[in-house]
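Below, each chain spelled out in residue letters.
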Amino acid sequence: MVFFFLMHPSLSFHTGAQKQDLEPIFHTGKTYLYSYESFILHGLPNRGMAMAGVKLTCRVEISHVSHSDHLLQIQSPKLEEYNGFWPTDSFTPSSRLSEILAACFSQAFKFEYTEGRVRSIFAPEDCPILCTNLVRGILNMVQITIKKSQNVYELQEAGIEGICRTRYIIQDDSKNNRATIYKSKDLTDCQEKAVKNIGMSYIRPCPTCPLKIRNMKGTVMFTYTMKYDDSGTSLTSAASQQVYQISPFNERNGATAMEARQELSLVSIKRTPLSAPKIQLQNQGSLRYHFSEELLQMPIPLIRIKNPDLQLTETLRQLVQNNEEGATTEASAKFLQTIQLFRIVTFDQIESLWMLFGSNPPYRHWFLSATCAAGATDTFRFLKQKIHDEMLNIWEAAVTLPLAFHFVSINKQTLEIASTFLTCPQIRKLPMHRVIVYLGYGSMVNKYCAQTSVCPDELLQPLHDLATEATSKGDAKDMALALKAIGNAGEPASIKRILKFLPTFSQAAASLPNRIHADAILALRKIARKAPAKVREITLQVFMDNTLAPNVRMVACIVLFETKPALPTVTAMASSLLTEPSLQVASFTYSHMKALAAGRIPQLYNLSASCNIAIKLLSPRLDRLSYRYSKVIHVGDYSSKYQAGAIWRVYLMNSPNSIFPSDIITKVRGYYANTATDIIEVALRSQSLTKFISNQNIPFAEYDTHKTLKELGKTLLGWKELPPENPLVSAYIKILGQEIAFVDINKNAIEQTMTSLTGSSNWQVVVKKVVEEVQRGISARWTLPLMVGELRHIVPTVVGVPLELSLCGAMLAQAVADVDIHISPQLSDDFRPSQLLETNMDIHADIKPKTYFHMIAMMGINTQYFQSGLEFHAEFSANTTTKFDARINMKENNLKIETLPCRQKVELAAVRSEVYAISRNIEEDSEKKSQILPEGELPSISNQPFQPPERSPRPSSWKQSNIPNVISKGYQQGSEEAHHPSVGGRFYTRTLCRKFESLGCSACLSLKSQNSAFLRTTHLHKLLGEFEAKIILKPVHTDADIDKIQLEIQAGSKAASKIIDVASSGSKEEDETTPYKDIKAKLKKILGIENVFKVSNKTRRHRKRVHRTEEAANRTLWADPSAPPLSSSFSSFTASSADGKGPGNEHKRDETRQSRKKRGNSSKNSSRSSSGRRSSSSSGRSASSKSCSSSREGSSGERHCSGDSKYSNQQASLPIYRFWFEPADDQEPGREALNNSMGSSSSSASDESIFRAQPKFLGDSKPPILAAVLRAIHRNKQPTGLQLVLYTDTQRRRWRVQMFVSSITISNRWKVCADASVINAHKVLGFLKWGKDCQDYWIATHIATGQFATYPAMQMKLEWPKVPSTVRTTARWFYSFLPEAAYLLGYSQRQQYSPSYQATLVMALTSPRTCSVILKLPELTIYDRAIRLPLPFPSSPGTLLTTVPSPDQNVFIQATLLITENLKARCSVFQNVITTFNGVKFNYSMPANCYHVLAQDCSPELRFLVMMKRPEESADLTAINVRLASHEIDMYVSNGLIQLKINGVQAPTDIPYTSNSDANMLISSEKEGLSLTAPDYGIDKIYYDGHRLEIQVAFWMAGKTCGICGKYDAEKEREYQMPSGYLAKDAVSFGQSWIISEDPCAGACKLQRRFVKIDKPVAFDKAAAKCFSMEPVLHCVEGCSATRTLPVSVGFHCVPAGECRTGTSAQHSHCDRLLRSQPGRAEEARPEIRGRREHGSSSHSVLLPAAVLPAVRLRSTGSARFRVSVSARTARGPAARLVWAARTRPCPLQETVLL
């Protein structure tokens, strides 16, 4: 609201000259008498609408006592209430409230007043705070700050609202000795605003957001009239006007308003002063508003408290009574009143009430829930005492504790009580309760410290002590608990404690589990809100630490971005990703940046901009990584119009040990009015779950392979098996940013839980006990009342009463269940769960679930004396009764359920809301309610203070004006419908019913609405009024009464026997023992579907050809409802398969499409090519040549981007929607293209022959697999109802499914027919028809594979020739959202006409990871290119589908299998090219006769080993050795034939070999080689043909393999990992590290490893040092000489000569330990030492024997750079010269130098 100040032209400003002192003065010895009037109104800013408010009138006397002391006396106070329609109704006096005010104003108040400013206020000790605040409201009017040298100025002025920005304008009328002062305040711009928030601790405001977009705005203006003379200035009158505008949806015209006015006028001046008060006055503080008593009153109807304990007793009894009677609305209101009363009663009163009601179950649940929600100190102490006394059972305490810690009011007393929970023995002995208490205590500390500037250390000490104790004991569970509780507290003082759990800052933390490291990082999230810079520094160091586990670094990335880093930090992270060795971390960080860059949240604008810049620095290959790598999924939107939004993020953190995500964190965050709230967060962590997939019953440790691998591992330097990991699943949940529970689930936890509940850990015994317990019957009544939340925002008004915006809600969930189960035969003593499959179960159940939710919102005055304002009530209720008898025959696959029909009207679900203007006070029967809208005629809006509502804009887009024909009709169906429009459309009611006469019931949807949307078309005006929507189930009167309703389901071979014969006179079923062959011929007649197939066959004989014309393309397909449904429908599919043909598209097929087709008729081919060339040239002229363009063709707009380099130049000029889909059938020789056959019958004939080959009705050759009958049993009438029959035909080449639903009444011909068929390897057809003989309504679908441009593609087509109006209405509603949804998702759109009643979706695979999508609707085309696929599809772009798969291979099944196979890991060796499990290729030439570890199980199970070598006689052949269990398998080539040895015994290769051990193994011949499969060992397949070797391992072996094939962990940057764990610098060093050393005498491999040392002393830092190689170097065994040499990379380290005097192995190991004491530094500083042998003009690889190393010359080139030259002569060959160079840093801890 804007205030304009009008100035008289005769008045002048005195800016420079001295002016009169305008501070008002009250002279000593005089009494100034003023009349005072103030009022407050709440409501909509429209005249004629309901409002509520209060008015106070009185006389005010002010007298100057001495110096600055003044007395104020209020006389004749009168309080009046207003509730009605402004301004016609009048105020109503409230005598009771006037009496209360008169009593508290009977004594005078004292205040200090100097220079126009009110200092301290003194009031009687027993004066209510409400009266004191009313006095503050009066004194606030005399608060004036005068600047003598200025007439217009701004300053920060204290007032009742706090210290706010204030503007003064002074007009001085010196001629009349008068002055007028205007003062205005912006109540949204206050430094120390008086405000009170309750329940908003977890709502974070945005301090940087602009003030102008606040949803609550307020201002106040004062006008003073002064009269001055020589004696001073007196205040003759003062007036104020305050306005608060609240817009819940941030709408300009959708706001409620609070208006407060004051007027103070001088009446007279008495010569006698006021007498001093006789009682002692207490200092009540300054003019600032004080909050006290209004905090006790909840935003519920006012409770007149007289005797709290008696009122609480009566309220509890009424509450339970209402609940038992089903009056949930009254019960919810009483529950909220109970909470209000519990906040007032004392601890002793609560104890006495517990003695009265605690042992009574109906009262116990309500009592405990109310005490938790009350949140008072006494109720919190009471709950602590009951848990200490073990008065609550385990489950009651588990529910009570989190609610109590959440709702408790935070103060020093409640924190002291909470600390006693931590040491309570009853809490400590139950881990579940202990977790809840510690997490709750951390949340309480967070709330308390949010109110203070410094958090006391003693509050955090219990949490720090827990962390210290857990660390000393090595208890991982307590470490996690301490970190999570510290994270809930969120205080920077805990940072030092958290750093002790991070290896980057504490070496002792390196031995802790990775999940503890991750928990330590997550504990910093809330601390980042208070100390973002410190947390940013910590998480950045953790993120950059490559030695940490990838999941720990990814969690650090999450927390780092929550600190909102600036651009330099974000770009530094992006730069680090360019050299990041872990692709998991790189992929996660990149996707996180990309998600943030796409965000539109105002609070994240700067971060989004920084991420947008950073991702441009990164390699695009990170965007091409599959979902095997970690990702961040971001879904969300923000509306700047409504200042609201939400985001949903899923953090998928993959583990190297699994192809599936090991850590999943998902969270939902909401944004509203520049605040943010973490609504819910759920995390799931898994570890070693693949153990449950693999066979755990195989004793791998007992086999020879396990021992062999242990021994072979000793020959590989530094090799260690992976540490054992126990399967573990952990999860946590956070509500409103606070972690409330977490759980670790492992084998021990499950066994402990089973033992505590059943007394046994054997799951079979547990199942038996559960079954026995169920047989005894279940009878329970469960009730859970819960206060969902209480949010309150309170600000003062100038009158002195509070303005409150509040919201509270209560929920009630209850269920009553009586279930009896009888199982026959009885379970035997040696029970096995499989016995349940041979039993019969009789179940009798009566279950009554009920849910009710009640929400109250209020805007107005809410005190313990009176309430006034607008009150909004919303209710949701769901109520049902399930009573049935069931019989389950597990052996016969039969289920029969019987229940009673509708006997009475039942309200299944209902939603209601209403808004009232309310007035209440402490008088009896004082409540007044007024509906927002008046009855009768509309109020006149011509006199409203605001502008009339704007007209709705004219439809300017196609989606508003041009609705497609298929959805242009409105809803025209409803058995019972009523529409009662009122004046101006304020009242609306409608009832839609659907009768089910055969079942004797009807379902109705009733809608009623009355709101103020006719005044303003805003969401707020739509909400203000009354609304009701409910679903009702009521009985229908029929000719014969229904006794019961029966549902019977029969599966298997006896399904046909349950089909009811409609044609027979009786209602009997066929005999169950009748074989299928006796009733097969009757099935058509029984189902009543013989007419369907007769019509279909007749149509096939007389089917006409369909001609393709422009008119035919646009006309309605299947327009005639009586058209044949089956064969002609599929012909229509064929005839209409040309995409996008319509009057809006005049272009034809392009030349590129014509050139791909193979025709038998040359004339047809040439004619089509010519037409294609003409259309292609025209299309090329019309297409835009820009990569991203915006053009207009006619009246339709277009937005598209085309830049796919895969297309040819001609195709690239065409938009993607102009290409055509070519089915795969068109590419087969002898077939016509479907897209060109709309005028011919060739393709239709093909489909015709297909359907002739298949039976029309599967019942002719197949029995049904499922029959279900739903019938109503009448007393004197045949049963009525429905029956469903399902048929399937699963042939090898194609399959088919048919379903029929029909009525069991002979007179009813309503049926549903569904058919789905796989026609061939490329096509699937299906239809759904229903109505009379399945002829009224049709929907059909067609799925085919083929080509789109040059890419493999799939087309899905949906046609709806005739559908009910309900479907049209739903489609029209959905259709209206498509354009906006497509725009938000980044899809391009084009308005173009396509065939009516048809939708086509084409997906083309443009690369293994991208696809293009085109969706064609009747009047809209949506398309996009290069959409990323979550998983790679094994195909390559540009591959033509020229070959048709085998008929036995269905393309849809193939696609699924290809994707599945693509996830599996394969390693191959061919010649010198090795492809690892991770897909990395490299060249490596294996030394002859030396076995290399190709693939090995490195887990503790050591399941298998695959070794490979190259024979000396042939470098092109290979030999492999496989170790499995007790088998040693050798495959090699001898005399040109593949040989097989098993355990040293020759075995035939033409006969499959199968092992007899616990695990399966099969060796068989395949193609030109042998195949070995051993799935239990983790080997899916090994193929060997002498030249090529392929190994495929199971997906659960991810991260558990090692060897040359790699670890199968997707970390391609760390592929060259040697047995020691270090990364080799090249492929040669990597391959040689996996050579198996053999006995030099007996083995064929003549290479051994030996450490190398430099004998010549080396001087470093003026001290002698000796240098040793970090890794052993391969050299020839003694007595052998090198025939060829290769370059190797080896590192040296140097230590003081005194440490290593000789070169013995023990001393060398000691020296090696000196280096490895800092593995991180060693790896970081590890040099790259390369050698090159020059021989003439050629250069080739050399293997350097150890004998060449002694002649070493070392010279220093600096403190950290050395150059080593080695000259040597091998036994054979010329001299070789190798030069090494290395850089390093001096080691800070010891004299160690890395070369």
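Scroll up to find the structure.
Below you will find a few notes about this structure.

### Remarks on the sheet that holds strand S54 (residues 1527–1534)
Then comes step 1: With antiparallel pairing, the seven strands of this open sheet are ordered in space as S56-S55-S54-S53-S52-S51-S62. Among the strands making up the open sheet, the edge pair consists of strand S56 (1545–1547) and strand S62 (1601–1602).
Then comes step 2: The sheet contact formed by strand S53 (residues 1519–1524) and S54 spans five bridges and is antiparallel. From the neighbouring strand, Val-1522 faces S54, where its bridge partner is Ile-1529.

### Considering the sheet that holds strand S60 (residues 1579–1584)
Then comes step 1: One open sheet holds the eight strands; their spatial order is S50-S49-S48-S61-S60-S59-S58-S57, and the pairing between them is antiparallel. A strand with exactly one partner marks an edge of an open sheet, and here the two such strands are strand S50 (1481–1483) and strand S57 (1553–1554).
Then comes step 2: Summarising the sheet, S57 and strand S58 (residues 1562–1566) pair through two bridges and their orientation is antiparallel. Looking at S58, one finds that Thr-1554 is bridged to Leu-1562.

### Structural notes on the environment of Pro-1687
Then comes step 1: With respect to the helices and strands, Pro-1687 occurs in the loop between strand S67 (1685–1686) and strand S68 (1692–1696).
Then comes step 2: The exposure class of Pro-1687 is partly exposed, given its relative accessible area of 26%.

### So, helix H9 (residues 412–422)
Then comes step 1: Among all positions of H9, only Thr-414, Leu-415, Ile-417, Ala-418, Phe-421 and Leu-422 are buried. Buried residues in H9, looked at end-on, bunch into an arc of 160°, giving them a common side. Along H9, the residues that are exposed and aim more than 90 degrees away from the buried face are Lys-412 and Glu-416.
Then comes step 2: Check the buried side of H9 and you find it contacts helix H7 (377–388), helix H8 (394–407), helix H10 (425–428), helix H11 (431–450) and helix H12 (457–473).
Then comes step 3: A distance of 3.1 Å separates the backbone nitrogen of Gln-413 from a side-chain oxygen at the start of H9, and that oxygen is part of Asn-411.

### Remarks on the state of the cysteines
Then comes step 1: If you walk through the whole model with that rule in mind, you get eight disulfides.
Then comes step 2: Disulfide partner of Cys-1313: Cys-1334, at an S-S distance of 2.0 Å. Between Cys-1313 and Cys-1334 the sulfur-sulfur dihedral comes to about 75°; the bridge is accordingly right-handed. Highlighted residues: Cys-1313 in strand S40 (residues 1310–1320) and Cys-1334 in the loop between strand S41 (1323–1332) and strand S42 (1337–1348), separated in sequence by 21 residues.
Then comes step 3: Owing to a relative accessible area of 3%, Cys-1313 belongs among the buried residues under this scheme.
Then comes step 4: For Cys-611, which is in no disulfide, the shortest distance to another cysteine sulfur is to Cys-557 and amounts to 9.0 Å.

### What about the environment of Tyr-36?
Then comes step 1: Among the structural elements, Tyr-36 can be located in strand S1 (residues 31–43).
Then comes step 2: In the structure, Tyr-36 is positioned 22 residues away from Cys-58 in sequence and 5.4 Å away in space, judged by C-alpha atoms.
Then comes step 3: Apart from the residues within four sequence positions on either side, Tyr-36 is in contact with Leu-56, Thr-57, Cys-58, Val-60, Ile-138, Met-141, Gln-262, Glu-263, Leu-264 and Val-799.
Then comes step 4: Within the structure, Tyr-36 has its side chain in polar contact with the side chain of Ser-38 (distance 3.3 Å).

### Some points on the nonpolar core
Then comes step 1: Among the nonpolar cores identified, the biggest contains 137 residues, and Leu-336, Ile-339, Phe-367, Phe-380, Phe-421, Phe-561 and Met-593 are the most heavily contacted of them.
Then comes step 2: If near-sequence neighbours (up to four positions away) are discounted, Phe-561 is found in contact with Val-570, Met-573, Thr-589, His-592, Met-593, Leu-596, Leu-607 and Cys-611.
Then comes step 3: Counting residues in hydrophobic clusters, the runner-up holds 83 residues, among them Ile-40, Leu-101, Ile-144 and Tyr-865.

### Brief notes about the side chain of Ser-1412
Then comes step 1: Here Ser-1412 shows up in strand S46 (residues 1410–1416).
Then comes step 2: When near neighbours in sequence (up to four residues on either side) are disregarded, Ser-1412 contacts Ile-1216, Val-1402, Met-1403, Ala-1404, Thr-1406, Asp-1424, Arg-1425 and Ala-1426.

### Points about unusual backbone geometry
Then comes step 1: The step from Trp-86 to Pro-87 runs through a cis peptide bond, and the omega angle for that step is 0°.
Then comes step 2: Within the element layout of this structure, Pro-87 appears in the loop between strand S3 (69–85) and strand S4 (92–93).
Then comes step 3: Residue Pro-825 is reached from Ser-824 by a cis peptide bond, and omega for that bond is -5°.
Then comes step 4: On the secondary structure map, Pro-825 appears in the loop between strand S23 (802–824) and strand S24 (840–862).
Then comes step 5: Positive phi is not limited to glycine here, since Ser-76 has a value of about 55°.
Then comes step 6: Along the chain, the position of Ser-76 falls in strand S3.
Then comes step 7: Residue class for Ser-76 comes out exposed when judged on its relative accessible area of 58%.
Then comes step 8: Phi is positive for Ala-1525, which is not a glycine, with a value near 55°.
Then comes step 9: By secondary structure assignment, the location of Ala-1525 is in the loop between S53 and S54.

Conventions adopted
- Residues numbered from 1 in each chain as written.
- Predicted model: local features only at pLDDT ≥ 70, side-chain atom pairs only at ≥ 80, totals over all residues.
- Heavy atoms only, no water.
- Pairing = 2+ DSSP bridges.
- Helix = DSSP H or I, 4+ residues; strand = E, 2+ residues; numbered from the N terminus.
- Buried < 20%, exposed > 50% of the residue type's maximum accessible area, 1.4 Å probe, protein only.
- Arc of directions from axis to C-beta.
- Contact = heavy atoms within 4.5 Å.
- Polar contact = N/O pair within 3.5 Å; in protein donor to acceptor, adjacent residues only side chain to side chain.
- Disulfide = S-S within 2.5 Å.
- Core = buried A, V, L, I, M, F, W, Y, C linked by side-chain atoms within 4.5 Å.

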